[in-house]
Amino acid sequence: MITGASSGIGRGLAVAIARRGAKLGLVARRVEAIDEVVCEIEAADGTAMSLPADVQDVDSVSAAADKLRASIGPIDVLIANAGIGPTRDAANFSAAEVSDVINVNVIGASNSVAAVFPKWSSGKAVTW
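These figures come from a predicted structure and were not determined experimentally. Think of each chain on its own: its residues are numbered from 1, step by step along the sequence as written. Given that the model is predicted, a residue must reach a pLDDT of at least 70 before its local features are reported, and side-chain atom pairs must reach 80 or more before they are shown or counted; all residues, however, enter totals for whole chains, interfaces and linings. Excluded from the side-chain calculation are hydrogens and water; included are all heavy atoms of the structure.

### Here's the deal with the packing of helix α3 (residues 58-71) against helix α4 (residues 95-116)
With axes taken as lines fitted to C-alpha atoms, and helix axes fitted only over the stretch in contact, angles between N-to-C directions fall between 0 and 180 degrees. Helix and strand assignments follow DSSP, with helices taken as H or I runs no shorter than four residues and strands as E runs no shorter than two, numbered in order from the N terminus. The N-to-C vectors of α3 and α4 enclose an angle of 40 degrees; their axes lie 8 Å apart at closest approach. Relative to α4, α3 is oriented oblique. In this structure, α3 meets α4 at a crossing whose hand is right-handed. Mapping the contact onto sequence places Val58, Val61, Ser62, Ala65 and Arg69 in α3 and Asn111, Ser112, Ala115 and Val116 in α4. Residue classes follow a fixed rule: Ala, Val, Leu, Ile, Met, Phe, Trp, Tyr, Cys and Pro count as nonpolar, while Asp, Glu, Lys and Arg count as charged, and any other residue, Gly among them, counts as polar. In the contact of α3 with α4, the residues fall into five nonpolar, three polar and one charged. Angle categories: roughly parallel below 35 degrees, roughly antiparallel above 145, roughly perpendicular from 65 to 115, and oblique for all the rest. Here a crossing is taken to be left-handed if its near helix is turned anticlockwise relative to the far helix by less than a right angle, and right-handed if that turn runs clockwise. Residues count as neighbours in contact if any of their non-hydrogen atoms are within 4.5 Å of one another.

Here is the structure:
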């Protein structure tokens, strides 16, 4: 499962890993963009599933992970790649943008791990 798979590093990883035979669940907010990646992978005889979700919403990511497990099977690897990084001149500092960065890059990664880790091996809960 790869989060942030609709563009940039996530998209590149998805295409490269699919070429090696992995079955992928691709998570991103932008449905059209993630569907394009799935089509690209499937055109190269790979297997990928579009999982629209927002990593800032733990229920959304959990539902995506559950859908992937039900369709493809256990999740062996999570690449919690979703992230944002606005580039601004310091004179245009925005506390709201800092909050967005933390919510996506930190909370989003945590939500992704929470959606996958407790059910990592054979669907059984892992004690932590």
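This is not the end of the story, as more comes after the structure.
### Some words on α4
To estimate how far a helix should reach, multiply one less than its number of residues by 1.5 Å. The end-to-end C-alpha distance of α4 is 31 Å, a good match for the 32 Å that 22 residues give at a rise of 1.5 Å each. A residue's bend is given by the angle between axes fitted to the 7 residues ending at it and the 7 residues starting at it. Of all the bends in α4, the largest measures some 35 degrees and sits at Gly108. Under the scheme applied here, a residue whose accessible area is under 20% of the maximum for its type counts as buried, over 50% as exposed, and between as partly exposed, the area being computed with a 1.4 Å probe on protein chains only. Of the positions making up α4, those classed as buried are Glu97, Val104, Gly108, Asn111, Ser112, Ala115 and Val116. Close packing links the buried residues of α4 with β1 (2-3), α3 and β4 (79-80).

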